[in-house]
Structure formats: structure tokens, C-alpha cells
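Observations on the model geometry
What follows is the residue order along each chain.
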Amino acid sequence: IKNLYKNLKKYFKNIDFNLNKDNEIVIYDEVITDPILDCISPYKKVYIMKIREFNIILTFKVIFTALRYFLRREIILEVIKNNLRNGILCYSKDALHAGIINQLNPKTVISFLDNNPRFGRLSFYFKNIKFIAIQNGMRLRWYEKMKCNHDIYLAFTNNEEKILKKSGWQIREIHSIG
């Protein structure tokens, strides 16, 4: 019973019932934030979204958006197609992240997670928010099982565009920054 109490206490500590709205920029991932923050004006309102730890935000708008995201026909078909258990876990997390982003109402979401399929799925869900994925390392081969989609992709070279599109990735805009 003591262990159960400790675990519940730890999880309830990471549940937030309030979330500031109207952030101009969201950094999607708490790990590599300094290079991004160095490029952003200090007058911009920035929210760093923690995605690597158990963190739930419970507001009406987050829950409503998460349910609306999850109950879309294409998501339900993907869940059924991709092993029910894994699909539910995967797309439930997508739905929660969609709810949080909708609550924050940013103009831009930026991440160094260029090979994260979830970030790509979210970028295609929000049509009026710019999602910028920054390549975080050179790869000789791309070993991703799931294809990634990106709104704006900042790559090291022009070669990535050819390689990624050949692998089935969808990228709306790609810019060579290396």
C-alpha cells in the first residue's frame, strides 16, 4: 500500500489543471531548448512542452480537443490497423499533445525531433500553425518504421529532401541550413 501511495503521489504531482494560453511559440521537447531559445526574441511568449516525462494537463479545452482528435475516422482506422493496444497508446498521446497545443494557441511549434512521427502527425493536423522540425544529426540511412510528415523541415543539406521523399516522407517545405 505504501508503494501504491508513493506512485499515485508521483503521478498526481504531474497533473496540472491550469495552462497559460496564447503562447506565440511552443518548443516541442524539453531536452534541446537552449539553441532554439537563443534565436527567439526575449519578448516572445514561449512554452516548453515536456514530452519525455509523464505530464498531463486537464482543462476542458485540452480534453475536448484530445477527444476530437482521437475520434477522427482516419485515426480509428490507424488504431485498428496498427495493433489495437499499441495504436491506442500511440494515438492517445498524439491526442493529448494536440489538446495541449490547441490550448496554448501558438503561431509556431519548433522541435529538434526531426525523426519523430508524432511531431509530423501533429503538424498535418493543425493547418494554421507552423511546425518547424530541425534536423538534429547526420544519418547515413533513415531507419524509421513509421514515415514522418513535416510542415517545414530545416535540413543540413539538399540531399535529405531526396532521401526522405524516396523513403515516403511528406515535407511541405524544406530548407538547407547546413
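First things first, this report covers the structure right here in the doc. (Residues numbered from 1 in each chain as written. Predicted model: local features only at pLDDT ≥ 70, side-chain atom pairs only at ≥ 80, totals over all residues. Heavy atoms only, no water.)

Next up on the list: unusual backbone geometry. It is generally the case that most residues other than glycine have a negative phi and that most peptide bonds are trans. A positive phi is found at D29, a non-glycine position, where the angle reads about 130°. What makes D29 buried here is its relative accessible area of 6%. One non-glycine residue, N105, lies in the positive phi region at around 55°. (Buried < 20%, exposed > 50% of the residue type's maximum accessible area, 1.4 Å probe, protein only.)

Summed over the entire model, instances satisfying the criterion amount to 4 salt bridges. A salt bridge links R118 to D94, with the shortest nitrogen-to-oxygen separation between them at 2.4 Å. Pair noted here: R118 is in helix α6 (residues 117-125) and D94 is in helix α5 (residues 84-104), with a separation of 24 residues, a long-range link. Accessibility expressed as a relative area gives 14% for R118, which makes it buried. In this structure, the salt-bridge partner of R172 is D151, at a minimum N-O distance of 3.5 Å. With R172 in strand β8 (residues 170-176) and D151 in strand β7 (residues 149-155), the pair connects residues that are 21 residues apart, well separated along the chain. Owing to a relative accessible area of 11%, D151 belongs among the buried residues under this scheme. (Salt bridge = Lys/Arg side-chain N within 4 Å of Asp/Glu carboxyl O. Helix = DSSP H or I, 4+ residues; strand = E, 2+ residues; numbered from the N terminus.)

Each strand in a sheet pairs with its neighbour through backbone hydrogen bonds, running either in the same direction (parallel) or in the opposite one (antiparallel). Judged by pairing direction, the sheet is parallel, and its 6 strands sit side by side in the order β3-β2-β5-β6-β7-β8 without closing on themselves. Unpaired on one side and paired on the other, β3 (46-49) and β8 mark the two borders of the sheet. Between one strand axis and the next, the sheet turns through 25° on average, direction left out of account. Both strand β2 (residues 25-28) and β3 contribute to a ladder of 4 bridges, which runs parallel. In the strand pairing of β3, I25 is matched with V46. (Pairing = 2+ DSSP bridges. Axes fitted to C-alpha atoms, helices over the stretch in contact; angles between N-to-C directions.)

A few words on the pairing of β2. Residues I25 and I27 line one face of β2 and the alternating positions V26 and Y28 line the opposite face, and both faces are buried. One ladder, built from 3 bridges, connects β2 with strand β5 (residues 108-111); its direction is parallel. If you follow V26 over to β5, its bridge partner there is V109.

With that out of the way, let us pick up the environment of G178. On the secondary structure map, G178 appears in the segment after β8. Taking C-alpha positions, G178 is 9.6 Å from Q135, a pair spaced 43 residues apart along the chain.

These values are about where atoms sit, not about what they do.
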